[in-house]
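Take a look at the letters that make up each chain.
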Protein chains: 2
Amino acid sequence: MTSLPVIAFVGTGVMGRSMAAHLLKAGYPLRVYNRTRAKAEELLAAGATWQPSAGDAAAGADIIITMLGFPTDVETSYLGAGGIIARAKSGALLLDMTTSSPALARRIAAAASAGGQHALDAPVSGGDIGAKEARLVIMAGGEPAAFAQARPVFDLMGKNIALLGPAGAGQHCKMANQIGVAVGMVAWCEALAYAKRAGLDPAAVHASISGGAAGGWAMTNLAPRALAGNFAPGFYVKHILKDMRIALESAAELGLDLPGLKVAKKLYDDVAARGWEDRGTQALYQLYTSL
Amino acid sequence: MTSLPVIAFVGTGVMGRSMAAHLLKAGYPLRVYNRTRAKAEELLAAGATWQPSAGDAAAGADIIITMLGFPTDVETSYLGAGGIIARAKSGALLLDMTTSSPALARRIAAAASAGGQHALDAPVSGGDIGAKEARLVIMAGGEPAAFAQARPVFDLMGKNIALLGPAGAGQHCKMANQIGVAVGMVAWCEALAYAKRAGLDPAAVHASISGGAAGGWAMTNLAPRALAGNFAPGFYVKHILKDMRIALESAAELGLDLPGLKVAKKLYDDVAARGWEDRGTQALYQLYTSL
């Protein structure tokens, strides 16, 4: 019996800790690091070993998985002095599952390749519930051989798993998703804010229209929360803003104008300006109905 | 046994003829008028009686149903000299199922009321298939007593049937739907156009994202047509443009800014400017990918 590869998991926030727990449960030796150690305690209690930094976690691992917050965190963790690429061994497999920039993913892949390592960008969708239930969508970019090597690990965390193209393609796919999500929020918010302004009961209108051509995941799942005055975060305003910034930068590099996304970004800037950064994305409905 | 009320059906296009056929099948005596007589032939062969004008059709009917193209058609048919309101008897029930303007619906309701008639605006969604299968969503505005009287007739044509409020409320609800539809088209078109521009296979990206938070009816049903190069109309560009014009006018009257809808309107103006008015709304994807 061959022993399972050692995995380093860096970033054990809400998403990361659920994902890492699946790997631990499957028997992988797990080295963990997180900026706030408290968020790793559950995993440590379950058998993971604490590491003092991302680089230290990477040093002894065959596979390094990162699930971080912002592209700057990804850049520092991978490319910083004493970071993952500096410390990981040759042949190591680096999987960044953070939603981050396609351009940064390409830089990391190139740096990894120079060090004899193999990197994939592999952002996910499906949120905390998808992470908990191992039903994430995983969108990967990189070399097919690295993807094949990562596949058993991905299979423990997700269901709809695809290699979309070379380095950066996973992030591009995730950006496509976030563009659809962000502009889709504008769609149902404008629909229901219009109904409310016209004096209709938005819940009754929702019952008439959510099963039809205007319907979708967000109208089904987020609009009822907004109509009930529940603005608790499923997905944070500050995070959709981060993603829109990346997508707009990336679209600009590609020479593609996305007027719908620009409007969504401007509206969410207004949401954030009201101090609602830590609310759920459905807070956009609050903006429309308070205008 | 009491005999069923006589129904006049004005406007026997793709939607109207399917709707009218259900009434005929249920045994209602049916008087029909359509600008182009050929489009009424099926109904005439099935037992409907031809009438030379909307007013003539209305004259002998207990219930008058209109399913027309543009608000100007609705205005002429109802309020024009020798039109429906001039010719229908006192106590008649007038049901405009055209997607039209809320303000016009209120004017018609007021004029009907002055003539002792009862009007409902009752636009639908669900398209030609919904009409054929009697599964339309019917969104009504008007008096509850008139709605109760119309209900048996609505039940023959639709499934999700609601009275949303006073005259105009049905049109407002339909406008909310169309706002969601139009901005929702921008959402998936920008998502997949970005993916394509980034060098990804849009169909693979669709497979990754259409089941998640960016997913919805349009991404499921229209995006695959666009990706396959099929721009045949389910719903015409010229019709979504009509609806957006009405919605923007109505929003302006309500003092509500809809920046997402404005972008959608501008984009579809560009689609129309390319001569694609008679294509399906998924032609918006063509615009993005030809920029």
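Residues numbered from 1 in each chain as written. Chains lettered and ligands numbered in written order. Predicted model: local features only at pLDDT ≥ 70, side-chain atom pairs only at ≥ 80, totals over all residues. Heavy atoms only, no water.

(A) Just the overall build of chain A, in detail. Within chain A, the regular secondary structure consists of 15 helices and 9 strands. For chain A, whose C-alpha radius of gyration is 20 Å, the value lies close to the compact-globule estimate of 19 Å for 291 residues. Counting only C-alpha atoms and orienting by the principal axes, one finds that chain A spans roughly 65 × 45 × 35 Å. Across the 291 residues of chain A, 57% fall into the buried class. At a minimum sequence separation of 6, the contacts of chain A that also span at least 24 residues come to 64%. Summed over all atoms, the accessible surface of chain A reaches about 10,800 Å², with 54% contributed by carbon and sulfur. Counting 26 positive and 22 negative side-chain charges, chain A places the centres of these two groups 3 Å from one another. (Helix = DSSP H or I, 4+ residues; strand = E, 2+ residues; numbered from the N terminus. Rg over C-alpha atoms; globule rule 2.2 N^0.38 Å. Buried < 20%, exposed > 50% of the residue type's maximum accessible area, 1.4 Å probe, protein only. Contact = heavy atoms within 4.5 Å. Areas by Shrake-Rupley, 256 points an atom, 1.4 Å probe, with all protein chains shown as cover. Lys, Arg positive; Asp, Glu negative; His and termini not counted. Charge placed at Lys NZ, Arg CZ, Asp CG, Glu CD.)

(B) Fine view of the nonpolar core. In this structure, Trp188 and Leu284 of chain A together with Trp188 and Leu284 of chain B are the most contacted members of the largest nonpolar core, which totals 110 residues. The residues touching Trp188 of chain B, leaving out its near neighbours within four places in the chain, are Ala218, Met219, Leu222, Ala223, Ala226, Gln282 and Tyr285 of chain B. (Core = buried A, V, L, I, M, F, W, Y, C linked by side-chain atoms within 4.5 Å.)

(C) Representation of the packing of aromatic side chains in the model. Residue and element names in this part refer to chain A. Evaluated as defined, the whole model comprises 6 aromatic pairs over all chains. The interplanar angle of 45° and the centroid separation of 5.7 Å between the aromatic rings of Tyr33 and Trp50 together place this pair among those described as tilted. Linking Tyr33 in strand β2 (residues 30-33) with Trp50 in strand β3 (residues 49-50), this pair joins segments that are 17 residues apart in sequence. Residue class for Trp50 comes out partly exposed when judged on its relative accessible area of 24%. (Phe/Tyr/Trp six-rings, centres within 6.5 Å; stacked < 30°, edge-to-face > 60°.)

(D) Broad picture of the relation of the copies chain A and chain B. Least-squares fitting of chain A to chain B yields an RMSD of 0.0 Å, with the transformation described by 0.0 Å of translation along the axis and a rotation of 180°. Such a turn and shift between the copies fits a two-fold axis. By C-alpha distance to the rotation axis, the residue of chain A lying nearest is Gly216 of chain A, at 1.7 Å. Mapped onto chain B, 100% of the interface residues of chain A are again interface residues, and the two copies thus contact each other with one and the same surface. (Least-squares fit on C-alpha atoms with pLDDT ≥ 70 in both.)

(E) Examining the side chain of Ser18 of chain B more closely. With respect to the secondary-structure elements, Ser18 of chain B resides in helix α1 (residues 14-25). Assessed through its relative accessible area of 12%, Ser18 of chain B is described here as buried.

(F) Representation of the interface of chain A and chain B in the model. Taken together, the 53 residues of chain A in the interface contact 53 residues of chain B. Interface area, chain A with chain B, both sides summed: about 4,100 Å², of which 70% is carbon and sulfur. Our count for the chain A to chain B interface comes out at 0 salt bridges. Our count for the chain A to chain B interface comes out at 16 residue pairs in polar contact (both at pLDDT 80 or more). Those elements that provide at least two residues to the side of chain A that touches chain B are β8 (136-141), β9 (158-165), α9 (169-197), α10 (202-209), α11 (217-221), α13 (237-253) and α14 (259-273) of chain A. (Buried area = accessible area lost by both parts, 1.4 Å probe. Salt bridge = Lys/Arg side-chain N within 4 Å of Asp/Glu carboxyl O. Polar contact = N/O pair within 3.5 Å; in protein donor to acceptor, adjacent residues only side chain to side chain.)

(G) Region of interest: the pairing of strand β4 (residues 63-66) of chain A. All names here are of chain A. The side-chain alternation of β4 yields two buried faces, one formed by Ile63 and Ile65 and the other by Ile64 and Thr66. Two elements, strand β1 (residues 7-10) and β4, share 4 bridges in a ladder whose sense is parallel. Bridge pairing links Phe9 to Ile65 in β4. (Pairing = 2+ DSSP bridges.)

(H) Region of the structure containing the domain arrangement of chain A. All names here are of chain A. Taken domain by domain, chain A comprises domain 1 (7-166) and domain 2 (172-290). Relative to domain 2, the C-alpha centre of domain 1 lies at a distance of 29 Å. Where domain 1 abuts domain 2, roughly 990 Å² becomes buried across the two surfaces, and 68% of that area is made up of carbon and sulfur atoms. Three residues, Phe70, Thr99 and Pro102, lead the burial of domain 1 against domain 2; their summed loss comes to 46% of the area buried on that side. Applying the counting criterion to the domain 1 and domain 2 interface returns 4 residue pairs in polar contact (both at pLDDT 80 or more). Every element with two or more residues in the side of domain 1 that touches domain 2 is listed here: α6 (102-114) and β7 (124-125). Tallying contributions element by element places α6 first for the side of domain 1 that touches domain 2, with 3 residues. For the side of domain 1 that touches domain 2, a count of residues per class yields 8 nonpolar, 5 polar and 1 charged. (Domains from an automatic or database assignment. Nonpolar A, V, L, I, M, F, W, Y, C, P; charged D, E, K, R; others polar.)

(I) Broad picture of the packing of helix α9 (residues 169-197) of chain B against helix α10 (residues 202-209) of chain B. Residue and element names in this part refer to chain B. One can describe the packing of α9 onto α10 by two numbers: an axis separation of 9 Å at closest approach and a directional angle of 135°. In terms of orientation, α9 lies oblique with respect to α10. Considering the relative orientation of α9 and α10, their crossing is right-handed. Contacts between α9 and α10 involve Ala191, Leu192, Ala195 and Lys196 from the first element and Pro202, Val205, His206 and Ile209 from the second. For the contact of α9 with α10, the per-class residue count stands at 6 nonpolar, 1 polar and 1 charged. (Axes fitted to C-alpha atoms, helices over the stretch in contact; angles between N-to-C directions. Parallel < 35°, antiparallel > 145°, perpendicular 65-115°, else oblique. Left-handed = near helix turned anticlockwise from the far one by under 90°.)

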